[in-house]
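Residues per chain are reported as follows:
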Amino acid sequence: MIYIENDFVKKVLDGKFSDIISQFEYAVDVKKKNKLCQPIKPYIRFPEEQNRIIAMPAYVGENINICGIKWIASFPKNIYKNKERANCVTIINSTETGEPLSIINSTELSSYRTASVSGMILKKYLSKNNDKKVTVGIIGYGPIGKKHEEMCYELFHKKIEKVMLFDIKKIEECNKNSKICKTWEELYDEADILITCTTSQKPYLKRSPKKGKITLNVSLRDFEINYIDVKNTIIVVDDWDEVNREKTNIEELVIKGKIKKEECIDIYDYLHSKEMTSEKAIFFNPMGMAMFDMVIAKYVYEKALKGKCNDAK
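All values derive from a computational prediction rather than experimental measurement.

A.B. asks: Help me understand the overall build of the protein in this model?
C.D. replies: Across its full length, the protein carries nine helices and 15 strands. Computed over its C-alpha atoms, the radius of gyration of the protein comes to 19 Å, within 12% of the 20 Å expected for a compact globule of 313 residues. Summarising its shape, the C-alpha atoms of the protein cover approximately 50 × 50 × 45 Å along the three principal directions. By the burial criterion, 51% of the 313 residues in the protein qualify as buried. Nonlocal contacts in the protein, meaning residues at least 24 apart in sequence, comprise 67% of its contacts between residues at least 6 apart. Computing the positive centroid from 52 side-chain charges and the negative centroid from 45, the protein places the two 2 Å apart.

A.B. asks: What exactly am I supposed to notice about a nonpolar patch on the surface here?
C.D. replies: Side chains of I44, F46, W71 and V89 sit close together on the surface and give an oily, nonpolar patch of about 320 Å² of accessible area. The topology assignment puts I44 in strand β3 (residues 43-45). Look at I44 and you get partly exposed, because its relative accessible area is 39%.

A.B. asks: Would you mind going over the side chain of S110 with me for this structure?
C.D. replies: Examined against the element boundaries, S110 turns out to sit in helix α3 (residues 107-125). Beyond its immediate chain neighbours, meaning those up to four positions away, S110 contacts K70, I72, C88 and D293.

A.B. asks: Help me understand the packing of α3 against helix α9 (residues 290-305), please; the structure alone is not making it clear to me.
C.D. replies: Helices that pack against each other are described as a pair by the angle of their axes relative to one another and the distance between those axes. The interhelical angle for the contact between α3 and α9, taken along N-to-C directions, is 115 degrees, at an axis separation of 10 Å. In this structure, the crossing between α3 and α9 has a hand that is right-handed. Contacts between α3 and α9 involve L109, S110, Y112, R113, V117 and M120 from the former and F292, D293, I296, A297 and V300 from the latter. Here the contact of α3 with α9 is composed, by residue class, of eight nonpolar, one polar and two charged.

A.B. asks: Which parts of the structure should I look at to understand the packing of helix α2 (residues 17-32) against helix α4 (residues 143-156)?
C.D. replies: With their axes 10 Å apart at the nearest point, α2 and α4 run at an angle of 95 degrees to one another. The angle between α2 and α4 falls in the class roughly perpendicular. Side by side, α2 and α4 meet where F17, S18 and I21 of the first sit next to K147, E150, M151, E154 and L155 of the second.

A.B. asks: What's the story with the side chain of R52 in this structure? I'm lost.
C.D. replies: Note that R52 resides in strand β4 (residues 52-60). Buried and unpaired, R52 has no salt bridge, with E246 as the nearest side chain of opposite charge at 6.2 Å. In contact with R52, not counting residues within four places along its chain, are Y43, I44, F46, I72, A73, S74 and F75.

A.B. asks: Sorry, what's going on with the pattern of salt bridges here?
C.D. replies: Charged atoms that come close allow side chains of opposite charge to pair. For the structure shown, the criterion picks out 18 salt bridges. The shortest N-O distance in the salt bridge between D266 and K31 comes to 3.9 Å. In this pair, D266 sits in strand β14 (residues 265-266) while K31 sits in helix α2, placing the two residues 235 residues apart along the sequence. Judged by relative accessible area, D266 falls into the partly exposed class, the value being 23%. For K31, a relative accessible area of 18% translates into the label buried. Here the residues in one salt-bridge network are R45, E242, R245 and E246, joined through shared partners.

A.B. asks: Got a minute to help me understand the sheet that holds strand β11 (residues 193-196) in this structure?
C.D. replies: Strand pairing in a sheet is mediated by backbone hydrogen bonds. Such pairs are either parallel or antiparallel. Spatial ordering of the open sheet is given by β10-β9-β8-β11-β12-β15-β13-β14, a layout of eight strands whose pairing is parallel. Because the sheet does not close on itself, it has two edges, and the strands there are β10 (178-180) and β14. Across the face of the sheet, α3 comes into contact with β11, β12 (214-216) and β15 (281-285) while running at roughly 170 degrees to β12. Sheet contacts for α4: β8 (134-139), β9 (160-166), β10 and β11; angle to β9, the most-contacted strand, approximately 175 degrees.

A.B. asks: Looking at this structure, how should I read the environment of K179?
C.D. replies: Looking at where K179 falls in the secondary structure, it is placed in strand β10. Assessed through its relative accessible area of 35%, K179 is described here as partly exposed. Contacts of K179, omitting those with residues within four sequence positions, involve V163, M164, L165, E186 and E190.

A.B. asks: Would you mind going over the nonpolar core with me for this structure?
C.D. replies: Here is a general trend for soluble globular proteins: nonpolar side chains tend to be buried in one another's company. L13, M120, I193, I195, I214 and F292 are the most contacted members of the largest nonpolar core, which has 96 residues in total. Element by element, the count of residues in this core is highest for α9, at eleven residues. Setting aside its immediate chain neighbours within four residues, F292 contacts F24, A27, V28, R113, V117 and M120.

Analysis parameters
Residues numbered from 1 in each chain as written. Predicted model: local features only at pLDDT ≥ 70, side-chain atom pairs only at ≥ 80, totals over all residues. Heavy atoms only, no water. Helix = DSSP H or I, 4+ residues; strand = E, 2+ residues; numbered from the N terminus. Rg over C-alpha atoms; globule rule 2.2 N^0.38 Å. Buried < 20%, exposed > 50% of the residue type's maximum accessible area, 1.4 Å probe, protein only. Contact = heavy atoms within 4.5 Å. Lys, Arg positive; Asp, Glu negative; His and termini not counted. Charge placed at Lys NZ, Arg CZ, Asp CG, Glu CD. Patch = residues over 30% accessible without salt bridge, like charges linked within 9 Å, V, L, I, M, F, W, Y side chains within 5 Å. Areas by Shrake-Rupley, 256 points an atom, 1.4 Å probe, with all protein chains shown as cover. Salt bridge = Lys/Arg side-chain N within 4 Å of Asp/Glu carboxyl O. Axes fitted to C-alpha atoms, helices over the stretch in contact; angles between N-to-C directions. Left-handed = near helix turned anticlockwise from the far one by under 90°. Nonpolar A, V, L, I, M, F, W, Y, C, P; charged D, E, K, R; others polar. Parallel < 35°, antiparallel > 145°, perpendicular 65-115°, else oblique. Pairing = 2+ DSSP bridges. Core = buried A, V, L, I, M, F, W, Y, C linked by side-chain atoms within 4.5 Å.

Structural data, given as structure tokens:
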């Protein structure tokens, strides 16, 4: 068994969003065939409600053929202690013997997974024959927001007019081509692609996803659901059973009787759709699937076996 440090993960995955997305697209097909096991994620609770640790186990079959678990802690107030909000490790096991193959210090792995899933959705969205350049708006500029900015420039720089950023904390440094906004409203009004990457515990977006545009609701809880125009919104989810809980915007819409499961679109159906109306808003809600963590962990593990860096022991 080998231990893989965070620095190694970062070196291996740098510039590899396209490779990761290709493997994720295959994993979505594996999920559709039901060639995997991905139990609902259990949450460890603490007296401070916003703190949690989540176990994310999965087995992914066919050519991926890997299993394991990600153990991820989210403590939002860490940012005021000069510590990372999210900390995690990933363990992958042999599917033949069950033996642990690797323990990965996986904060970088997790952020690459999150941004790569968004990149996979945007790849589909931007694949339409449209020469018009788009404006990307990112609300929340912590590690996940920064990784989304990196992903957008790496994959879609030819199609992006500009990237706009907003965070409640002052943004000290960002990509030289990005624009820092004073309010989220400024960003929201201009964005063709809106990405929420906050840790907000309460909704603050008193708007509906914009018609004819796409919103990646990575934060899951930022929208005031009474403002969401569901009749003019195509709601896409990564996994219904996962995302319809934990006070997400999806669960709140269900509780209010505004949407039903059959009215939403699964990630597989979105990626394989031939056409998607441009008149409605596209609203993607990813709870996060452990199968993607296993895919990217295997990718890093195989690079470590080849001795690409000195941070694997």
